[in-house]
Amino acid sequence: MKTVAFVLDVVSWLGVTLLVFFLWRIARFYERSSRETAYSWLFLPPMFLLPAGAAFYWVEDPTFIQSLWGDLLLFAGGGLLLFASILLHQVMMGER
């Protein structure tokens, strides 16, 4: 049962990383096509911070309980991802 849970964890975090990768590519495409700055480079750190935070949990405690470094990495990755997504939305939708 533990191996099934581990495989599902790995697949889900690979999915999260893939979604962040697609957001990065969308921002990069928008930068190139519109010649506006969309801050695409802001999507790169979360692409590595989020799986790194999950890896800390896999190593320390797979139940996602009390891992300081894992929490910090996930918090930093999520915060940067939120910030980058809001900036991308503002750039693509126009300043209001």
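Structure first, text after, so check above.
This structure is a prediction, so every number in the text was calculated from the model and none was measured.

Visitor: How do you make sense of the overall build of the protein when you look at a structure like this?
Guide: Of regular secondary structure, the protein possesses three helices and zero strands. When the helices and strands of the protein are read in sequence order from the N terminus, they spell out α-α-α. Projected onto the principal axes, the alpha-carbon positions of the protein cover approximately 50 × 25 × 20 Å. Across the protein, the fraction of contacts at a sequence separation of at least 24, relative to all contacts at a separation of at least 6, is 60%. When the accessible surface of the protein is totalled, it reaches about 6,700 Å², and 73% of it is carbon and sulfur. Here the protein contributes 6 positive and 7 negative side-chain charges, whose respective centroids are spaced 14 Å apart.

Visitor: Explain the packing of helix α1 (residues 2–34) against helix α3 (residues 68–93) here, please?
Guide: Packed helix pairs are characterised by how far apart their axes lie and by the angle those axes make with each other. One way to put it is that α1 packs onto α3 with a least axis distance of 11 Å and a crossing angle of 30 degrees. One element, α1, and the other, α3, form an angle in the roughly parallel class. Two packed elements cross with a definite hand, and for α1 against α3 that hand is left-handed. Along the contact surface, α1 presents W13, V20, L23, I26, A27 and Y30, while α3 presents L74, L81, S85, L88, V91 and M92. For the contact of α1 with α3, a count of residues per class yields eleven nonpolar, one polar and no charged.

Visitor: Would you take a moment to explain the nonpolar core for this structure?
Guide: For soluble globular proteins, the rule of thumb is that nonpolar side chains tend to be buried together. Counting 18 residues, the largest nonpolar core has A38, F43 and L50 as its most contacted members. For this core, the secondary-structure elements that each account for two or more residues are α1, α2 (44–60) and α3. At six residues, α3 tops the list of elements feeding residues into this core. Setting aside chain neighbours within four positions, we find A38 in contact with A27, Y30, E31, L88 and V91.

Visitor: Would you mind going over α3 with me for this structure?
Guide: Count 3.6 residues to each turn of an α-helix, and residues three or four apart come out pointing the same way. Its 26 residues place the ends of α3 37 Å apart at the C-alpha level, agreeing with the 38 Å of an ideal helix rising 1.5 Å per residue. Burial in α3 covers these residues: G70, L73, L74, G77, L81, A84, L87, L88 and V91. On its buried face, α3 is in contact with α1 and α2. Phi for G94, located one or two positions after α3, is positive at around 90 degrees.

Scoring rules and cut-offs
- Residues numbered from 1 in each chain as written.
- Predicted model: local features only at pLDDT ≥ 70, side-chain atom pairs only at ≥ 80, totals over all residues.
- Heavy atoms only, no water.
- Helix = DSSP H or I, 4+ residues; strand = E, 2+ residues; numbered from the N terminus.
- Contact = heavy atoms within 4.5 Å.
- Areas by Shrake-Rupley, 256 points an atom, 1.4 Å probe, with all protein chains shown as cover.
- Lys, Arg positive; Asp, Glu negative; His and termini not counted.
- Charge placed at Lys NZ, Arg CZ, Asp CG, Glu CD.
- Axes fitted to C-alpha atoms, helices over the stretch in contact; angles between N-to-C directions.
- Parallel < 35°, antiparallel > 145°, perpendicular 65-115°, else oblique.
- Left-handed = near helix turned anticlockwise from the far one by under 90°.
- Nonpolar A, V, L, I, M, F, W, Y, C, P; charged D, E, K, R; others polar.
- Core = buried A, V, L, I, M, F, W, Y, C linked by side-chain atoms within 4.5 Å.
- Buried < 20%, exposed > 50% of the residue type's maximum accessible area, 1.4 Å probe, protein only.
- Expected span 1.5 Å × (residues − 1).

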